[in-house]
Amino acid sequence: MSDSAHATNGSASAVDVTETVGEEGGGSADEEIESAADEKGESVANGGDGGAYTFDDLSVVMGTYNEAEAIGTVLDDIDEVTDGRAEVVCVDGSDDRTPEIAREHGARVIEQEPQGYGVAVREAILTPDRPVVVTTDCDDTYPMEALPEFLAEVNDGADVVSGDRLYHGADAMPAFNRLGNHAFAALASLLMGERVHDTTTGMRAYRREVVEEIGWTENTGLSAELLIRPLMRGHDVRERPIRYAERLGETKLDPIGGGAAIAKSIVTVCLEEQLRRF
């Protein structure tokens, strides 16, 4: 069975990719990346210095806040999928054992006073210097086994690869949140004049030059901004269906207040980018 990677850079074309890579067979991480590209019928020769990016070129980053229950599992998954080669950066504002557990698992931890989701994630994105950065959440909701496919999309020329949680239904997501995420995607699509499917996903891959060239302004709504600005500036942005799992630990986001802040960010960023074109 294959999923569809939605090309959202001005075309409605879809690229067939397999849903997961490396679940069987025990191949190396690099072989999994090449396999993901081969199954799409594409080359992986668009990395640094004319070659394909590998997990040695990858940083996986996240903002963490009191996620002691889940952080070890997430970091173990990253280590297993990437053979321990990806750099991991956590920007942490916790008052539990989260930073200690992260360090025990080999992550680089930057401690920061809690200032909101966007402040932490922006710091996490801009801290490492490897050429490809993947954002994720630390609550074990995102599939780290999709990392080879995300990297293969970057090697195929994508500037941003965005995980679409809603494609498979996101049954593990609370119904109110799921409805809100569909509404956010509809609002952003209307304002941009281009269809997107999941504006607030926390799992995306970016080429470093893309995140460095844009001035990020949002906090709670940063996840939407990280999709909208690159897309409206003509970058190759692709949405890829991913499975979304039930979170470990308690959610920190107020669905009402947070939802209003995200909607405001979507409107603000879309209007700013529309005005930037004149």
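Criteria and thresholds
- Residues numbered from 1 in each chain as written.
- Predicted model: local features only at pLDDT ≥ 70, side-chain atom pairs only at ≥ 80, totals over all residues.
- Heavy atoms only, no water.
- Helix = DSSP H or I, 4+ residues; strand = E, 2+ residues; numbered from the N terminus.
- Buried < 20%, exposed > 50% of the residue type's maximum accessible area, 1.4 Å probe, protein only.
- Contact = heavy atoms within 4.5 Å.
- Areas by Shrake-Rupley, 256 points an atom, 1.4 Å probe, with all protein chains shown as cover.
- pLDDT = per-residue confidence, 0-100.
- Patch = residues over 30% accessible without salt bridge, like charges linked within 9 Å, V, L, I, M, F, W, Y side chains within 5 Å.
- Salt bridge = Lys/Arg side-chain N within 4 Å of Asp/Glu carboxyl O.
- Lys, Arg positive; Asp, Glu negative; His and termini not counted.
- Charge placed at Lys NZ, Arg CZ, Asp CG, Glu CD.
- Pairing = 2+ DSSP bridges.
- Right-handed = clockwise from strand over helix to strand, strands pointing away.

### Considering the overall build of the chain
No. 1: Within the chain, the secondary structure is distributed over nine helices and nine strands.
No. 2: Per-residue burial for the chain yields a buried fraction of 52% across its 278 residues.
No. 3: Sequence separation of at least 24 residues holds for 74% of the intrachain contacts in the chain that already meet a minimum separation of 6.
No. 4: Surface summary for the chain: the accessible area is close to 11,900 Å², and the carbon and sulfur share equals 48%.

### Details of the confidence of the model for the chain
No. 1: Per-chain confidence: the chain averages 87 in pLDDT, with 81% of residues scoring 70 or above.
No. 2: Contacts from residues 10–25, a stretch scored under 50 in pLDDT, to residues over four places away or in other chains number 40 contacts.
No. 3: Segment residues 40–45: pLDDT under 50, and 22 contacts once partners within four positions in sequence are set aside and those in other chains are kept.

### What about unusual backbone geometry?
No. 1: Positive phi outside glycine occurs at asparagine 66, with the angle close to 50°.
No. 2: Tracing the backbone through its elements, the reader meets asparagine 66 in the loop between β3 (58–64) and α2 (71–81).
No. 3: One non-glycine residue, aspartate 83, adopts positive backbone phi at about 55°.
No. 4: Here aspartate 83 shows up in the loop between α2 and β4 (87–92).
No. 5: On the basis of relative accessibility, which here comes to 46%, the residue aspartate 83 falls in the partly exposed class.

### What to know about helix α5 (residues 147–155)
No. 1: Burial analysis of α5 places nine of its nine residues in the buried class, the great majority of the element.
No. 2: Regarding α5, the residues found buried are Leu147, Pro148, Glu149, Phe150, Leu151, Ala152, Glu153, Val154 and Asn155.

### Structural notes on a negative patch on the surface
No. 1: On the surface, Asp76, Asp79, Glu80 and Asp83 cluster together to form a negatively charged patch.
No. 2: With respect to the secondary-structure elements, glutamate 80 resides in helix α2.
No. 3: What makes glutamate 80 exposed here is its relative accessible area of 61%.

### Focus on the pairing of β4
No. 1: The buried count for β4 comes to six of six residues, which makes it a mostly enclosed element.
No. 2: Alternating positions in β4 separate into two faces, Glu87, Val89 and Val91 on one and Val88, Cys90 and Asp92 on the other, with burial throughout.
No. 3: In terms of strand pairing, β3 meets β4 through six bridges, oriented parallel. Bridging from a neighbouring strand, methionine 62 pairs with cysteine 90 of β4.
No. 4: Crossover handedness for the path β3 to α2 to β4: right-handed.
No. 5: Direction of pairing for β4 relative to strand β5 (residues 108–111): parallel, over a ladder of four bridges. Directly across from valine 91, in β5, lies its bridge partner isoleucine 110.

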